[in-house]
Amino acid sequence: MNRIYPAFKKHILINILERNFSKPWHFIKANIKYRLFGHPYAALIEVGNYCNLRCPTCPTPAGKICRKRELMSFDNFKKVIDNIKDSVQVVLLYFTNEPLLNPDISRMAGYAHQNGLYTEISTNAVLLNREMTNDLFRSKLDRIILDLDGTSKESYEQFRVGANFEQVLGNITYFCRQKQALKLRRPFIELQFVFNKLNQNELEDVKKIAKDLKVDRLSIRSFNLGEYAYSEKEREELSRKFFPDKSENDRSVRYKKEDGKLKIKNPPDKCPLAKSHLVVLADGSVSMCCYDLNGRYFYGNVLSQKLKDIWFDPVVRERRKIAQKRGYPLCKTCSIYESKN
């Protein structure tokens, strides 16, 4: 029941209250196709592959993406949605990038909404000005994750390099206050706090901010190094600077330290998302998972092929089985889906 009610509320109830019956119907159909016929359920769509910040633990500004720097055009986005809408239910409009850099992001969210899809973005909120706020409200975006990885200028700006703490907090505050003033049911607002050495003493402060802003959820995320992208030497240096040393908070659940080095803690035997998720890169390429920054685990391209033809191809089916068993080298570096004992 704890999992059923939130899904009912966000996919069905909120839309019925707004007299939108097409999205609940799409949710039901997508679940049937996923559970009974093996269709994918969610797609990460890379509306661009670069960012406006230089966060030290992020692979994007570190030059780890060996692909052409580009934004997805609105026309190509429409082609992607038209292709995948009969299979998936959830579209996450971000991947390696800051989604608000795409000038069409609100139009994209709106188009996905019109086609019955549940839409979500994650943003550093630097570009979340008043105009962008109102555009996103009009798009009927379902969920937004707002990153605030520090409650002081010192902790925040060392981790979110290139951002101004006061500006970002002001943008987030306006967004939350405006939603309340307009009495909007959506988007669901999640305030995200990545726990690290710089902000490990600010947990109570971020809880107070979340309460004051009346966000729908405060997410305290464990520190992630992106070991799939960095060398052992780079990981060692980054962990020295940012890995929290306050173990009593138990927020660094992804890793354990052995001989001064970080090791992935309790890696699972199977990947729970290989059969339900796919990634659409900025050029339309379909990649296996969210760790595949450079599209090396390639399924096909939804700008030139039908998703059903790609997804149910015998070769792709076999690749998914291998991924489910975490059989690829990339899988050995995955720390996202750690078990929690």
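In this text, all values refer to a predicted model and were calculated from it rather than measured experimentally.

Enquirer: Would you mind going over the nonpolar core with me for this structure?
Expert: A general feature of soluble globular proteins is that nonpolar side chains tend to end up buried together. Ile45, Phe77 and Ile84 are the most contacted members of the largest nonpolar core, which has 67 residues in total. Other than its neighbours up to four places away in sequence, Ile45 contacts Met72, Phe77, Val80, Ile81, Ile84, Val91, Leu92, Leu93, Tyr94 and Val280.

Enquirer: How should I be thinking about the sheet that holds strand β5 (residues 188-194) in this particular structure?
Expert: Two pairing modes exist for strands in a sheet, parallel and antiparallel, and in both the strands are linked by backbone hydrogen bonds. Read from one edge to the other, the open sheet built from nine strands follows the order β6-β5-β4-β3-β2-β1-β9-β10-β11, with strand pairing classed as mixed. Edge positions in the open sheet fall to β6 (217-221) and β11 (298-301), since each of these has one partner strand only. Averaged over all pairs of adjacent strands, the angle between their axes in this sheet comes to 25 degrees, without regard to strand direction. When strand β2 (residues 90-92) meets strand β3 (residues 118-123), the two strands line up parallel, connected through three bridges. Looking at the pairing, Val91 lines up with Thr119 of β3.

Enquirer: How should the packing of aromatic side chains be read in this particular structure?
Expert: How two aromatic rings sit relative to each other is set out by the distance from centre to centre and by the angle between their planes. Here the structure, examined in full by the defined rule, presents eight aromatic pairs. Considering the side-chain rings of Phe159 and Phe242, the 5.7 Å spacing of their centres and the 70 degrees angle between planes classify their relative orientation as edge-to-face. Within this pair, whereas Phe159 is found in helix α6 (residues 153-159), its partner Phe242 is found in helix α9 (residues 232-242), the two being separated by 83 residues in sequence. Classification of Phe242 as buried rests on a relative accessible area of 6%. Geometry around Tyr50 places Arg69 over its ring, the cationic atom sitting 3.8 Å from the centre. A cation over an aromatic ring shows up here: Arg320 above the ring of Trp311, its NZ or CZ 3.8 Å from the ring centre.

Enquirer: Quick question: what am I supposed to make of the environment of Phe193 here?
Expert: Within the secondary structure, Phe193 is located in strand β5. Placed 125 residues apart in sequence, Phe193 and Lys68 show a C-alpha to C-alpha distance of 30 Å. Ignoring sequence-local partners within four residues, the contact set of Phe193 consists of Leu148, Asp149, Gly150, Thr151, Asn199, Glu202, Leu203, Val206, Ser219, Ile220 and Arg221.

Enquirer: Looking at this model, I keep getting lost on unusual backbone geometry. Mind explaining?
Expert: Negative phi values dominate among residues other than glycine, just as trans dominates among peptide bonds. Put simply, Arg186 and Pro187 share a cis peptide bond, and its omega is 5 degrees. With respect to the helices and strands, Pro187 occurs in the loop between α7 (165-181) and β5. Phi at Ala125 is positive, roughly 70 degrees, even though this residue is not glycine. Looking at the secondary structure, you find Ala125 in the loop between β3 and α5 (130-139). Using a relative accessible area of 0% as the deciding quantity, one classes Ala125 as buried. Although it is not a glycine, Lys183 sits at a positive phi angle of roughly 55 degrees. Here Lys183 shows up in the loop between α7 and β5. Lys183 sits in the exposed class, given a relative accessible area of 74%.

What counts and how
- Residues numbered from 1 in each chain as written.
- Predicted model: local features only at pLDDT ≥ 70, side-chain atom pairs only at ≥ 80, totals over all residues.
- Heavy atoms only, no water.
- Core = buried A, V, L, I, M, F, W, Y, C linked by side-chain atoms within 4.5 Å.
- Buried < 20%, exposed > 50% of the residue type's maximum accessible area, 1.4 Å probe, protein only.
- Contact = heavy atoms within 4.5 Å.
- Pairing = 2+ DSSP bridges.
- Helix = DSSP H or I, 4+ residues; strand = E, 2+ residues; numbered from the N terminus.
- Axes fitted to C-alpha atoms, helices over the stretch in contact; angles between N-to-C directions.
- Phe/Tyr/Trp six-rings, centres within 6.5 Å; stacked < 30°, edge-to-face > 60°.
- Lys NZ or Arg CZ within 6 Å of the ring centre and 35° of its normal.

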